[in-house]
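Chain by chain, the residues run as shown.
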Amino acid sequence: MWLLLRRAYPVRILLPLRGEWVGRRGLPRSLAPGPPRRRYRKEALPALEMPVSPVTTSEIRQYLRAHGIPFQDGHSCLRAPSPFVGSSDFNNQKKDSTASFCLFIDKTTGHFLCMTSLAEGSWEDFQASVEGRGDGPKEGVLLTEGPEAEDREQVLRIWNRAVPLWELPDPEEAKLARVMFGLTKVTDDTLKKFSVRYLRSTRSLVFPWFTPGASGLRGLKLLGAEGQGDGVQYVETTIPRPGAYHNLFGLPLISRRDAEVVLTSRELDSLALSQSTGLPTLSLPRGTVCLPPALLPYLEQFRRIVFWLGDDLRAWEAAKLFARKLNPKRCSLVRPGNQQPRPLEALNQSLSLSRILRTALPAWHKSIVSFRQLREEVLGELLNVEQAAGVRWSRFPDLNRLLKGHRKGELTVFTGPTGSGKTTFISEYALDLCTQGVNTLWGSFEISNVRLARVMLTQFAVARLEEQLDKYDEWADRFEDLPLYFMTFHGQQSIRSVIDTMQHAVYVYDVCHVVIDNLQFMMGHEQLSTDRIAAQDYIVGAFRKFATDNSCHVTLVIHPRKEDDDKELQTASIFGSAKASQEADNVLILQDRKLVTGPGKRYLQVSKNRFDGDVGVFPLEFNKGSLTFSIPPKSKARLKKIKDDNGLVAKKSSSGKKGAGHQNSETCLGQDPSSFQPDTKSSG
Ligand SMILES: Nc1ncnc2c1ncn2[C@@H]1O[C@H](COP(=O)(O)OP(=O)(O)OP(=O)(O)O)[C@@H](O)[C@H]1O
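These numbers were taken from a predicted model, which means no experiment stands behind them.

### What about the pairing of strand E9 (residues 204–210)?
Piece 1. Extensive coverage of E9 is indicated by the burial of six of its seven residues.
Piece 2. Of the pairings in the sheet, the one linking strand E8 (residues 197–199) to E9 comprises three bridges and is antiparallel in character. By the bridge assignment for E9, Leu199 is matched with Ser204.
Piece 3. Count of turn residues in the E8/E9 antiparallel hairpin: four residues, of which Arg203 carries a positive phi of about 50°.
Piece 4. Pairing geometry for E9 and strand E10 (residues 217–228), over seven bridges, is antiparallel. Bridge pairing in E10 places Phe210 opposite Leu217.

Below is the structure:
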């Protein structure tokens, strides 16, 4: 029954908003293959649809058994003989030893990869191929595409121009390069072993991505270093673009017999680790941003995986999330801390990297843990208080003052009067986080993805793009590189299919913020108000559980109940029962009247904040050209922390000190509180 129900929903896959592009930013013009050229799909910013039926591990197992295909259970994949290496081989493989089980089927998605032929595809592709088997891959099965011709040309051009560091004619130049990248202690042998080169024209290190078997180059990563104050900022450019760059740097050096590996987030760290410990090490193609499931088959052989991703809380959180995909029981994590910097720094500080590795903590906790197992994590949070408070908004400093930041695993409920600008505001609020590396999935059920993307792009550029179309490409290129994904749903949807899609996004794209606009589109067509309230409670509960289980923040837009036009909204104005506000960690309300005068003005009220209790209100001013809400630069009225969500305003505080740690903190940072005084009459 369950199976039938699941199949009945046409779940559509989410795709990154990405047009086709050819130009490669970040590379010198001299390296581009001829004058800049562009190819477009029909729509400038398409959100594509692709039918996908979710599949479970037991369904995959049943299918394999039913078709007489032997398989072995792995950590994240099932291993089976591959039907894509020729029919005779396939029969031999069935009889043969485990080593020839070269087909890896992802247990979560059913996606497969044949390590021998490099055929890959979806679970449906695999089924189609098995059922029509005879002579190898059938139509519908995707053979891994090599790099696009243009990319290939560019990759070779750069690779051929790059030279090993020790071959640079000028020793001063080589010395400078080593200093810039912190490589003074990394030997030529190590650089040689990992085939690292240096591109003089851009002063970048070049890390190669070899095809399995090291038979050719699939791509490159260029790492540039720019001085920033006293420090150095690294800038990465990849070919192909980041979304398709799946290089586990160091893979050609891994032997089939290696049972342990250390994963790092930077190539430079892997060089340091390999040199000082001699252990097998790989670095993730996009650092702490994501662990694409396409890489999992390459990690199946390891009995133990140690994550040493960096020296801050973000690296630690990323490691915990990635460990889930790899099976936490085989994963250990190096805890960030003063004595445990990232590997390259540890090498440069002459610390023992082997000793640090020995302190790695198991990623797996039983259901019941003692404080002893948690104490290191608690210490990690205390050492990184700022990071524990979450990612801070760059455009909404007042939101930082109240909420402190955007944290994983929380549920935010957002409401406001009809047509007040909820979608427009939440779009900028999410975009702000996304530009800072928060992988974001949008579920926009009311307005189309094209319209939403247009709003977002305008907000991204902070300009009216229709008036400067010559800049469109520049902005669109930058926008494309954001870790932003859109569900292709429109109109009424079942909560099951939405949650399935969110789950998929967390697994495949490491999404850690989902925006649902809005909840009313999942409520079905219940006519009776009691049914509607029960339905809403169920949906809110499902999102709450999803956020907690997946360490993923969910922002849920809910319409308010019908109120008198002259009343301020409060937490109790959210449609439905009190469940939504009880389950939420944060409640935000976009208020559009009373407290401000003049068209376009709004203010944002934080009426619940579970993290540290600060609630309050601050003004927003709408800019019609850029569709952005920003804090009026010279506004007299500023953020005000208020006593409770009934709108009872606290006394004006003269000190402006924070009232952290309790629900009823009261601080007014404004100079003119009366101008933003909520309407106490309506508070009941
Ligand atoms: N502060 C504002 N002042 C004037 N116009 C605004 C303001 N905020 C948004 N708008 C405009 O109002 C229109 C509706 O905005 P939006 O769709 O964001 O509202 P909403 O609250 O999400 O609507 P709904 O209640 O239908 O979901 C848009 O054209 C938007 O550009």
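There is more to say after this.
### Things to note about helix H2 (residues 57–66)
Piece 1. Of all the residues in H2, the buried ones are Glu59, Ile60, Tyr63 and Leu64. The arc that holds the buried residues of H2, viewed along the axis, is 135°, so those residues lie on one side. Exposed residues pointing more than 90 degrees away from the buried face of H2 are listed as Gln62, Arg65 and Ala66.
Piece 2. Taken from the residues just after H2, Gly68 is the one with a positive phi, measuring 65°.

### Overview of the side chain of Asp106
Piece 1. Tracing the backbone through its elements, the reader meets Asp106 in strand E4 (residues 103–106).
Piece 2. For the buried Asp106, no salt bridge is present, and the opposite-charge side chain at shortest range is Lys325, 8.2 Å distant.
Piece 3. Reaching out from Asp106, the side chain makes a polar contact with the backbone nitrogen of Thr109 at a distance of 3.2 Å.
Piece 4. Within the structure, the side chain of Asp106 is placed 2.8 Å from the side chain of Tyr507, a separation counted as a polar contact.
Piece 5. Apart from the residues lying within four places of it in its own chain, the contact partners of Asp106 are Ile60, Ser76, Cys77, His111, Pro293, Leu296 and Tyr507.

### Observations concerning the packing of aromatic side chains
Piece 1. Under the definition given, this model contains 18 aromatic pairs.
Piece 2. Ring centres 5.2 Å apart and planes at 75° place the aromatic pair Tyr63 and Trp123 in the edge-to-face group. One end of the pair, Tyr63, is in helix H2; the other, Trp123, is in helix H4 (residues 123–131), and 60 residues separate them in sequence.
Piece 3. With relative accessibility at 10%, the residue Tyr63 sits in the buried group.
Piece 4. Accessibility expressed as a relative area gives 4% for Trp123, which makes it buried.
Piece 5. Look at Trp123 and Phe126: their rings are 5.3 Å apart centre to centre, the planes differ by 20°, and that puts the pair in the stacked class. You can see Trp123 and its partner Phe126 sitting in helix H4, three residues apart, about one turn around the helix. In this structure, Trp123 and Phe126 share a single accessibility class: buried.

### A few points about the pairing of strand E22 (residues 586–591)
Piece 1. Within E22, six of the six residues are buried, which leaves the element mostly enclosed by the surrounding structure.
Piece 2. Burial of E22 is two-sided: the residues Asn586, Leu588 and Leu590 facing one way and the residues Val587, Ile589 and Gln591 facing the other way are all buried.
Piece 3. Pairing between strand E17 (residues 411–415) and E22: four bridges, direction parallel. By the bridge assignment, Phe414 is partnered in E22 with Leu588.
Piece 4. Of the strand pairs in this sheet, E22 and strand E23 (residues 601–609) are connected by six bridges, and their pairing is antiparallel. Bridge pairing links Ile589 to Gln605 in E23.

### Examining the environment of Met180
Piece 1. If you trace the backbone, Met180 turns up in helix H6 (residues 171–180).
Piece 2. Along the primary structure Met180 and Thr440 are separated by 260 residues, whereas in three dimensions their C-alpha atoms are 33 Å apart.
Piece 3. Each residue touching Met180, except ones within four places of it in the same chain, is listed here: Tyr198, Arg203, Ala225, Val232 and Tyr234.

### Examining unusual backbone geometry
Piece 1. A cis geometry characterises the amide bond from Ile239 onward to Pro240, with omega recorded as 0°.
Piece 2. Mapped onto the elements of the fold, Pro240 is located in the loop between strand E11 (231–239) and strand E12 (260–264).
Piece 3. Looking along the chain, the bond that leaves Asp517 and enters Asn518 is cis, with omega of 0°.
Piece 4. As for its position among the elements, Asn518 is in the loop between strand E20 (513–517) and helix H20 (529–550).

### Side note on the pattern of salt bridges
Piece 1. Within the structure shown, the criterion is met by 25 salt bridges.
Piece 2. A salt bridge links Asp188 to Arg178; the nearest nitrogen and oxygen atoms lie 2.4 Å apart. A residue pair is termed long-range when its members are at least 10 positions apart, and Asp188 in helix H7 (residues 188–193) and Arg178 in helix H6 qualify at 10 residues.
Piece 3. Under the relative-accessibility criterion, Asp188 is labelled partly exposed at 31%.
Piece 4. In this structure Arg178 comes out as buried when scored by relative accessible area, which is 15%.
Piece 5. Of the charged contacts in the structure, one is a salt bridge between Arg342 and Asp269, with a shortest N-O distance of 2.4 Å.

### A short note on the sheet that holds strand E16 (residues 361–362)
Piece 1. One open sheet accounts for five strands, arranged E13-E12-E14-E15-E16; its pairing is mixed. What marks the edges here is a single partner per strand, and that holds for strand E13 (281–283) and E16.
Piece 2. With two bridges connecting them, strand E15 (residues 331–333) and E16 associate as antiparallel partners. Across the sheet, the residue bridging to Ser332 is Pro362, located in E16.
Piece 3. Sitting on the sheet, helix H8 (residues 267–277) touches E12, E13 and strand E14 (304–308), and the angle it makes with E13 is about 170°.
Piece 4. The strands touched by helix H10 (residues 313–326) within the sheet are E12, E14, E15 and E16, with E15 carrying the most contacts at an inclination of about 175°.

### A closer look at the nonpolar core
Piece 1. Grouped together as the largest cluster of nonpolar side chains are 68 residues, with contacts concentrated most on Phe307, Met502, Ile516 and Phe543.
Piece 2. Among the nonpolar cores identified, the runner-up in size contains 41 residues, and Tyr429, Cys434, Leu452 and Phe618 belong to it.

### Regarding the state of the cysteines
Piece 1. Tallied over the full model, the rule gives zero disulfides.
Piece 2. Left unpaired, Cys512 is separated from the closest cysteine sulfur, that of Cys552, by 6.6 Å.

### Some thoughts on the sheet that holds E10
Piece 1. An order of E8-E9-E10-E11 is seen for the four strands of this open sheet, with the pairing classed as antiparallel. Only two strands of the sheet have a single partner each, and these edge strands are E8 and E11. Strand-to-strand twist in this sheet, taken as the mean axis angle between neighbours without regard to direction, amounts to 30°.
Piece 2. Across the sheet, H6 is in contact with E8, E10 and E11; its angle to E8 comes to roughly 105°.

Definitions and cut-offs
- Residues numbered from 1 in each chain as written.
- Predicted model: local features only at pLDDT ≥ 70, side-chain atom pairs only at ≥ 80, totals over all residues.
- Heavy atoms only, no water.
- Buried < 20%, exposed > 50% of the residue type's maximum accessible area, 1.4 Å probe, protein only.
- Helix = DSSP H or I, 4+ residues; strand = E, 2+ residues; numbered from the N terminus.
- Pairing = 2+ DSSP bridges.
- Arc of directions from axis to C-beta.
- Lys, Arg positive; Asp, Glu negative; His and termini not counted.
- Salt bridge = Lys/Arg side-chain N within 4 Å of Asp/Glu carboxyl O.
- Polar contact = N/O pair within 3.5 Å; in protein donor to acceptor, adjacent residues only side chain to side chain.
- Contact = heavy atoms within 4.5 Å.
- Phe/Tyr/Trp six-rings, centres within 6.5 Å; stacked < 30°, edge-to-face > 60°.
- Axes fitted to C-alpha atoms, helices over the stretch in contact; angles between N-to-C directions.
- Core = buried A, V, L, I, M, F, W, Y, C linked by side-chain atoms within 4.5 Å.
- Disulfide = S-S within 2.5 Å.

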